[in-house]
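Here is what each chain is made of, one letter per residue.
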Amino acid sequence: MTSIALNDLANHKGEVLGHSPWMNVSQDMIQAFADATGDHQWIHVDVERAKREAPWKSPVAHGFLTLSLIPQLNQQVLQITGVAASINYGMNKVRLPSAVKSGSDIRSKVELIDVSEVDESRVLATYRTTIEVKGEEKPSVVAENLAMYVRG
C-alpha cells in the first residue's frame, strides 16, 4: 500500500499510485448483488442459460457491481494521511468496456489525475481507476472517481 501525506499529494499528479491485490468475483457475489438491487437479468443469475446463450459463455457480473468494488479495492492501494475525513465525491466519467465473467479475478490500478484546493480545509482529488481482469486484454471499468479530503 502507498501512503501519501495530503500536503504532498499534488506532487504525485500523473503517477500510477499502485495496484490492489486480486479479488475473485464469485457467482455468490453476483447473486447477492442481484438480490440487493433487484437486477435479476438472466446473464447474471441463470448460470446454465448464460453458459448456453450469453456471448461470454458464462454469467457475468453487473457493471454496477464491478463499479461498486472500487472503494474496497482502492483502499488497499492508497492511504492519504493528514485527513480528518475522506468523502466519496462522485465520478466524472465511467466506461464499462468489457464484462467480468463469474469466477474472474479483478484488481484496480489507481492513477492520480488532478488535485485542487477547494478551500483551506478541503482538497479534491481526481483519480483514474482501471479495473483489470486477470487474463483479459480489456479492462472492465475505467472511471474517474473523486475524493474530497478534509484536513485533519
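Residues numbered from 1 in each chain as written. Predicted model: local features only at pLDDT ≥ 70, side-chain atom pairs only at ≥ 80, totals over all residues. Heavy atoms only, no water.

## Structural notes on helix α1 (residues 27–37)
Among the residues of α1, Gln27, Ile30, Phe33 and Ala34 are the ones counted as buried. Buried residues of α1, viewed axially, fall in a sector of 125°; they line one side. More than 90 degrees from the buried face of α1, the exposed residues found are Asp28 and Ala36. For α1, the elements touching its buried residues are β3 (23–25), α2 (42–45), α3 (47–53) and α4 (63–68). Just downstream of α1, Gly38 is the residue with a positive phi angle, here 80°. (Buried < 20%, exposed > 50% of the residue type's maximum accessible area, 1.4 Å probe, protein only. Helix = DSSP H or I, 4+ residues; strand = E, 2+ residues; numbered from the N terminus. Arc of directions from axis to C-beta. Contact = heavy atoms within 4.5 Å.)

## Points about the packing of aromatic side chains
All told, the structure shown has 0 aromatic pairs when counted by the stated rule. Over the ring of Trp42 we find Arg49; its NZ or CZ atom is 4.0 Å from the centre of that ring. (Phe/Tyr/Trp six-rings, centres within 6.5 Å; stacked < 30°, edge-to-face > 60°. Lys NZ or Arg CZ within 6 Å of the ring centre and 35° of its normal.)

## A few points about the environment of Met148
Along the polypeptide, Met148 turns up in strand β8 (residues 141–151). Sequence-wise, Met148 and Tyr127 are 21 residues apart; in three dimensions their C-alpha atoms are separated by 11 Å. Beyond its immediate chain neighbours, meaning those up to four positions away, Met148 contacts Ala85, Ser86, Ile87, Tyr89, Val118, Arg122, Val123 and Leu124.

## Describing the pairing of strand β6 (residues 104–119)
The pairing of strand β2 (residues 16–19) with β6 spans 3 bridges and is antiparallel. In the strand pairing of β6, Val16 is matched with Glu111. Here 12 bridges tie β6 to strand β7 (residues 122–133), and the two strands are oriented antiparallel to one another. Note on β7: the bridge partner recorded for Leu112 is Tyr127. The antiparallel hairpin formed by β6 and β7 contains 2 residues in its connecting segment. (Pairing = 2+ DSSP bridges.)

## Here's the deal with the pattern of salt bridges
On inspection of all chains with the given rule, the structure shows 9 salt bridges. The salt bridge partner of Glu111 is Arg128, with a shortest N-O separation of 2.9 Å. Remark: Arg128 occurs in strand β7 and Glu111 occurs in strand β6; sequence separation between them is 17 residues. Its relative accessible area of 18% is what places Glu111 among the buried residues. A salt bridge links Glu117 to Arg151; the nearest nitrogen and oxygen atoms lie 3.0 Å apart. (Salt bridge = Lys/Arg side-chain N within 4 Å of Asp/Glu carboxyl O.)

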